[in-house]
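# Coordinate analysis (summary)
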Amino acid sequence: MKKTLTLLIAAGALLGAAGCSAPATLSTEETCARIQGVGAGPTSNADKTGMTRLANRLRPLEAAAAEELKAPVQSIIDFLDESAKAEPDSAKVQELQAKYTSAGQTLNEVCGAGGQ
């Protein structure tokens, strides 16, 4: 009985670990399609609530994004998070603005009409 229980616990642990593994990496085209879908949603408002919602919609995508798009997506999330704060640090927002702009350019180059 102990052997069976031990075996079941071990099997459960293996299945649990497999289910909690990192998400598969998306292709560049899949990442672009998801980014465009997130940006086209109703949460892309310029107010603080809209910025928070947009950042929250991008978070799961960042984990599975194509390698070349991980940094740009993270830069956008960082900018949105800081900008949406009740009292954003203006120096940090200015620093993140440059990265946000660069990320937008990268996304346009990779995901734009010429990039796919």
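Reading the values: the criteria
- Residues numbered from 1 in each chain as written.
- Predicted model: local features only at pLDDT ≥ 70, side-chain atom pairs only at ≥ 80, totals over all residues.
- Heavy atoms only, no water.
- Core = buried A, V, L, I, M, F, W, Y, C linked by side-chain atoms within 4.5 Å.
- Buried < 20%, exposed > 50% of the residue type's maximum accessible area, 1.4 Å probe, protein only.
- Helix = DSSP H or I, 4+ residues; strand = E, 2+ residues; numbered from the N terminus.
- Contact = heavy atoms within 4.5 Å.
- Salt bridge = Lys/Arg side-chain N within 4 Å of Asp/Glu carboxyl O.

## Topic: the nonpolar core
- In this structure, Leu58, Leu69, Ile76, Leu80, Leu107 and Cys111 are the most contacted members of the largest nonpolar core, which totals 23 residues.
- If you list the elements that add at least two residues to this core, you get helix 2 (28–39), helix 3 (48–64), helix 4 (67–83) and helix 5 (90–111).
- Dropping the residues within four chain positions of it, Leu58 is found in contact with Val38, Val73, Ile76, Ile77 and Leu80.

## Focus: the pattern of salt bridges
- Following the criterion strictly, the structure yields four salt bridges and no others.
- Note that Lys92 and Glu82 form a salt bridge whose closest N and O atoms lie 3.9 Å from each other. You can see Lys92 sitting in helix 5 and its partner Glu82 sitting in helix 4, a full ten residues away along the chain.
- Looking at Glu82, the relative accessible area reads 4%, which means it is buried.
- In the salt-bridge network here, residues are joined through shared partners; they are Glu82, Lys85 and Lys92.

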